[in-house]
Amino acid sequence: MDLLNTLVDKGLRRELPTRDEALAVLATSDDDVLDVVAAAGKVRRHWFGRRVKLNYLVNLKSGLCPEDCSYCSQRLGSTAGILKYTWLKPEEASEAAAAGLAGGAKRVCLVASGRGPTDRDVDRVSDTIKAIKDQNENVEVCACLGLLSDGQAERLREAGADAYNHNLNTSEGTYGEITTTHTYADRVDTVQKAHAAGLSACSGLIAGMGESDEDLVDVVYALRELDPDSVPVNFLIPFEGTPLAKEWNLTPQRCLRILAMVRFVCPDVEVRIAGGREVHLRTMQPLALHLANSIFLGDYLTSEGQAGKADLEMIADAGFEVENAGEVTLPEHRAPSGGGCGSHAGSGCGSHEGAGCGAGAEAGCGSHEGAGVCAPAPAAVAEAPADARTDLVSVRRRGAGTDLAPNA
């Protein structure tokens, strides 16, 4: 297929595809999906070999959020039966992180619900970062705390944070249909603050909220322009008790096409499969490793994920290997001098979260303190298709905030 040959050539040169080319990837048929995966896989292997970076989420503060993000189980007005608790103590968060690191995670993502952190919250998270790094010197720590005020990114950097995650989630044109208590521009501003402070920027999207192909291309092109090091791709987890509970719009093949499009547009950044992969990719998850070079290990913020042991077996069986702490994730032209994670002036697309906090379709990393009315449910919400695996949407009941061992 001429389209795929062209996209591979452009990906190897870090050249931006045209919008029509990106849309054409999403428009390919299910019969062509293996060809699409094979082509995007060449770009992935060129920049990242067969390494898979493991990231581990620690939910520092669950639920109780005043923001009205329609996709989020922690939102204002949500009746989803999720765990609700206030800030974990630094030693509790460090203990939770240790489970993920023991399972092979290279990055810990510290996430807290809310509009954004107060200065006292930044102090809390700074103490938590120190507690984690005192126990694991080489671990990468990504913070995901919502909208940042002036000076807060710098304080997190000084405290030892390596990265900051704040997802754009959807296109600027449709953002107001998903959230009313903050704006798309607010999110862009926070990603830029993280960049300016020297943090590795991580920003991604949520697919499956009823958006069009044009919306998906818009948000991915906006991410490329923001130039994060890591781009997490979340697939909506339709929690009962949220406005998007009936939005079952994804198939495994559709998810693979979305990941391929992201890889072609952002060839040399860390593309992470984030929330919802178990629900929507299901048995096709190993194929997605040919497109993305990063995943979350174990459970997410408020939902259960695949068992950590199963993740490791899947990676090995698919012919990939876990990236170790001594390896630099990003290609040399993007990696900072000294290794580690961090953004740069080099070209490319993508932001951090090389791992990252940015839970995804099930969580909405960072909401607000401002109040806000519940966003109305979308006007035309169809019933879930007969083959939708609603049984795979399961609330997290272990790990952070509980007395039970985590799934890592």
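Residues numbered from 1 in each chain as written. Predicted model: local features only at pLDDT ≥ 70, side-chain atom pairs only at ≥ 80, totals over all residues. Heavy atoms only, no water.

Examining the nonpolar core
Side chains of a nonpolar character, in soluble globular proteins, are inclined to be buried together. So the rule is basically this: Working definition of a nonpolar core: buried Ala, Val, Leu, Ile, Met, Phe, Trp, Tyr and Cys residues. They are joined through side-chain atoms within 4.5 Å. Each residue gets one of three labels from its accessible area relative to the maximum for its type: buried under 20%, exposed over 50%, partly exposed in between, using a 1.4 Å probe on protein chains only. Helix numbers and strand numbers start at the N terminus; a helix is a DSSP run of H or I with at least 4 residues, a strand a run of E with at least 2.
Ranked by size, the top nonpolar core spans 93 residues in total, and within it Val58, Leu156 and Phe264 carry the most contacts. Looking at this core, the element that brings in the most residues is helix H10 (residues 252-265), giving 9 residues. If you look at the next biggest cluster of nonpolar residues, it comprises 10 residues, including Val111, Cys142, Ala163 and Phe296.

Details of the environment of Leu54
Our working rule: Should any heavy atoms of two residues lie within 4.5 Å, those residues are considered in contact.
Looking at the element boundaries, Leu54 is found in strand S1 (residues 51-61). The exposure class of Leu54 is buried, given its relative accessible area of 0%. A C-alpha to C-alpha distance of 9.5 Å links Leu54 and Leu312, two positions 258 residues apart in sequence. Those residues within four positions of Leu54 in sequence are excluded, and the remaining contacts are Gly103, Gly104, Ala105, Lys106, Arg107, Ile295, Leu297, Leu312, Ile315 and Val322.

What to know about the UniProt feature "binding site: [2Fe-2S] cluster" (unreviewed entry) in the protein chain
Note the cut-off: UniProt positions are given in the numbering used here, feature names are shortened, and annotations may be inferred rather than shown by experiment.
Under the local residue numbering, the UniProt record ascribes the feature "binding site: [2Fe-2S] cluster" (unreviewed entry) to Cys109, Cys142, Cys202 and Arg272. Sequence-wise these annotated residues cover 164 residues; spatially they are packed, their C-alpha atoms never more than 13.9 Å apart. Along the chain, Cys142 falls in strand S3 (residues 140-144). Relative to the elements of secondary structure, Cys202 occurs in strand S5 (residues 200-202). Take Cys202: its relative accessible area is 1%, and that puts it in the buried class.

Some remarks on the pattern of salt bridges
Filter applied, for reference: Salt bridge, as applied in this entry: a Lys or Arg side-chain nitrogen positioned within 4 Å of an Asp or Glu carboxyl oxygen.
This structure, assessed with the given rule, holds 25 salt bridges. In this structure, Arg334 and Asp229 form a salt bridge, with 3.0 Å as the shortest nitrogen-oxygen distance. Taken together, the positions of Arg334 in the segment after strand S10 (321-322) and Asp229 in the loop between helix H9 (213-226) and strand S7 (230-235) put the pair 105 residues apart, joining distant regions of the chain. The two residues Arg334 and Asp229 agree in class, both being buried. With a closest N to O distance of 2.5 Å, Glu313 and Lys309 form a salt bridge. In this pair, Glu313 and Lys309 are both assigned in helix H13 (residues 308-317), 4 residues apart and thus about one turn of the helix distant. A residue is classified by how much of its surface remains accessible, and Glu313, at 39% relative accessible area, is partly exposed. Here Lys309 falls in the exposed class, since its relative accessible area comes to 59%.

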